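# Residue-level structure breakdown
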Amino acid sequence: MNIGIIGAGQLGRMLALAGYPLGLRFTLLDPAADASGARVGKCIQGAYDDPVKLRELAAAVDVITFDVENVPVAAVAPIAELKPFYPQITALGVSQDRLSEKTLFRELRIPTPEFHAVDSLDDLQRAIATIGLPGVLKTRRLGYDGRGQYRLRNAADCDAAWQALGGVPLIYEAWVPFSREVSLIGARSIHGEVAIYPLAANSHEHGILHHTIAPYRNSDLQQQAETYLKRVFKHFGYVGILTIEFFVLRGKLIANEMAPRVHNSGHWTIEGACTSQFENHLRAICGLPLGSTAPLGHAAMVNFIGTIPARDAALKLTGLHLHDYDKQPRPARKLGHATAVLPSPAARDQTLKKMLKLARQ
Ligand code: AMP
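Below you will find a few notes about this structure. (Residues numbered from 1 in each chain as written. Predicted model: local features only at pLDDT ≥ 70, side-chain atom pairs only at ≥ 80, totals over all residues. Heavy atoms only, no water.)

A word on the pattern of salt bridges. Inspection of every chain in the model, using the stated rule, returns 11 salt bridges. R39 is the partner of D326 in a salt bridge, and the nearest nitrogen-oxygen pair spans 2.9 Å. One end of the pair, D326, is in the loop between β16 (321-324) and β17 (334-342); the other, R39, is in the loop between β2 (25-30) and β3 (42-45), and 287 residues separate them in sequence. We classify D326 as partly exposed; its relative accessible area is 37%. Between E173 and K138 there is a salt bridge whose closest N-O contact spans 3.1 Å. (Salt bridge = Lys/Arg side-chain N within 4 Å of Asp/Glu carboxyl O. Helix = DSSP H or I, 4+ residues; strand = E, 2+ residues; numbered from the N terminus. Buried < 20%, exposed > 50% of the residue type's maximum accessible area, 1.4 Å probe, protein only.)

So this is what it looks like as C-alpha cells:
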C-alpha cells in the first residue's frame, strides 16, 4: 500500500519510518526540496495548494493523509474525492480556525476558555468588557507554537495588541491560570476501533512545546479527557490520530486546541509505548487493527529547538534515543528530540534533568 502524505516535515518523516516495517510505501508532497521527510520517501516538490501536484500525489497512492495543519481545505477537497483522505477534511477545516475549534468544543460540551471573535478594535474592547482581563488575543488561522498571539494584562495593552495583530480575523480568549498542560492522543480506525494513550504532561517555553513526560497518571483527568476525545471522534466519524491539548485548572480540564494529526507531545510513544502514535495513525487509516497504547515505562521527551546537541554528547547518555530531523538550524525551529524511558517516575525525573541540560548546551 502506498501512503500519500501532504507535508514532508519531521512528522511525515516519522510516519514513514514507522510504516516501513509494515511494508507500507510513502509518497510525500512538500514545497521544500530538502524537507526532513523528503529524505525518507519519494517526494513530489510542490505547494500544498498546487492542483497539478496534488493530483499527481493522489494518482500515485492508495490513501492520503497530511503532516501539517495549514493544508488549504479548498485545494485538497478535489483529491479527497479521488482517494480516501484521513483525517477527514471536515476535521482539518475546523482545526485550522481557532474560532470554529472553540465553537465545536462548546457545542460538544467540552470546556474551553471563554472566547470572542475579534475583527476590529471595537470588537476587542467589547470582548475585554465581556470576558475581562488578563486575556490573550490570537490570530484565528495559521497561528502555532505561540506565534500570532498577544497577551493582554490590562486595558492599556489593548491598542498595542491590536497594532501587533489587527487586520486579520482574531479571537480573544480568557487567560487560564492553569496548574499544568496535558494532551490526550487517540486513534480511531476506519472500522471504528478506538485506542487511546495515557495523558502526557507538557511544558512549553515561549509558546513552543519544550518537554513532555508520560504517562501522566491521574485517573480522573484521564477519564474526562477520554470522554471529550470520544465526543470529537463521534462528531466527525473520525479516522486517524487526534490530539487534544488541555489546561488543568483546579482538577478540571479546559480544552485549548485540537490537532487532527500525530503530535509533538506524542513523540514519546515511539520508544515509550507498545505501538507508537505514528504506527497507530497508519494502522487507523489503512484499516488495520490498532496496536496497544500501553506505556512501556516512564518516558521523558525533550525537544531540540534552534540548536541540536552534539551527537557524541547526546549518545553518551545511557538509554537516550536521539532523533535528528536533519534540518537546517534556525531560531525557534524544531530540529530534533530525544526520549528516554525509565522504570520509575523518580528515575525518569533524574534523566529528564540531564536531558534538559543537554538541550540547553
Ligand atoms: P496555542 O498556540 O494556543 O497552543 O498556545 C501556545 C501556548 O500558550 C499554550 O500551550 C499555553 O502555554 C499558552 N496559552 C495559550 N492560550 C492560553 C490561554 N487562554 N490561557 C493560558 N495560557 C494560554
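Next comes the rest of the write-up.
It is worth spelling out the sheet that holds strand β1 (residues 2-6) at this point. Think of a sheet as strands paired side by side through backbone hydrogen bonds, with each pair either parallel or antiparallel. With respect to topology, four strands assemble into an open sheet ordered β3-β2-β1-β4, the strand pairing being parallel. Strands at the two margins of the open sheet, each flanked by one partner only, are β3 and β4 (63-66). Strand-to-strand twist across the sheet, computed as the mean angle between neighbouring axes with direction ignored, equals 25 degrees. Note that β1 and β4 share four bridges and pair parallel. Bridge pairing in β4 links G4 to I64. (Pairing = 2+ DSSP bridges. Axes fitted to C-alpha atoms, helices over the stretch in contact; angles between N-to-C directions.)

Our focus in this paragraph is the packing of helix α1 (residues 10-19) against helix α10 (residues 277-286). Where α1 meets α10, the closest approach of the two axes is 8 Å, and the angle between their N-to-C directions is 75 degrees. When the interaxial angle is binned, α1 and α10 end up roughly perpendicular. In this structure, α1 uses L11, M14, L15, A18 and G19 to contact α10, whose residues at the interface are F278, E279, H281 and L282. (Parallel < 35°, antiparallel > 145°, perpendicular 65-115°, else oblique. Contact = heavy atoms within 4.5 Å.)

Bringing the state of the cysteines into the picture now. Going through the model one piece at a time under the given rule, you end up with zero disulfides. Cysteine C43 is unpaired, with the sulfur of C286 as its nearest cysteine sulfur at 19 Å. In this structure C43 comes out as partly exposed when scored by relative accessible area, which is 28%. (Disulfide = S-S within 2.5 Å.)

With their axes 10 Å apart at the nearest point, helix α6 (residues 121-131) and helix α7 (residues 158-165) run at an angle of 135 degrees to one another. Between α6 and α7, the interaxial angle falls into the category oblique. Seen from above, α6 lies across α7 with right-handed handedness. On the side of α6, the interface is formed by L121, L124, Q125 and I128, while α7 contributes C158, D159, A161 and W162. (Left-handed = near helix turned anticlockwise from the far one by under 90°.)

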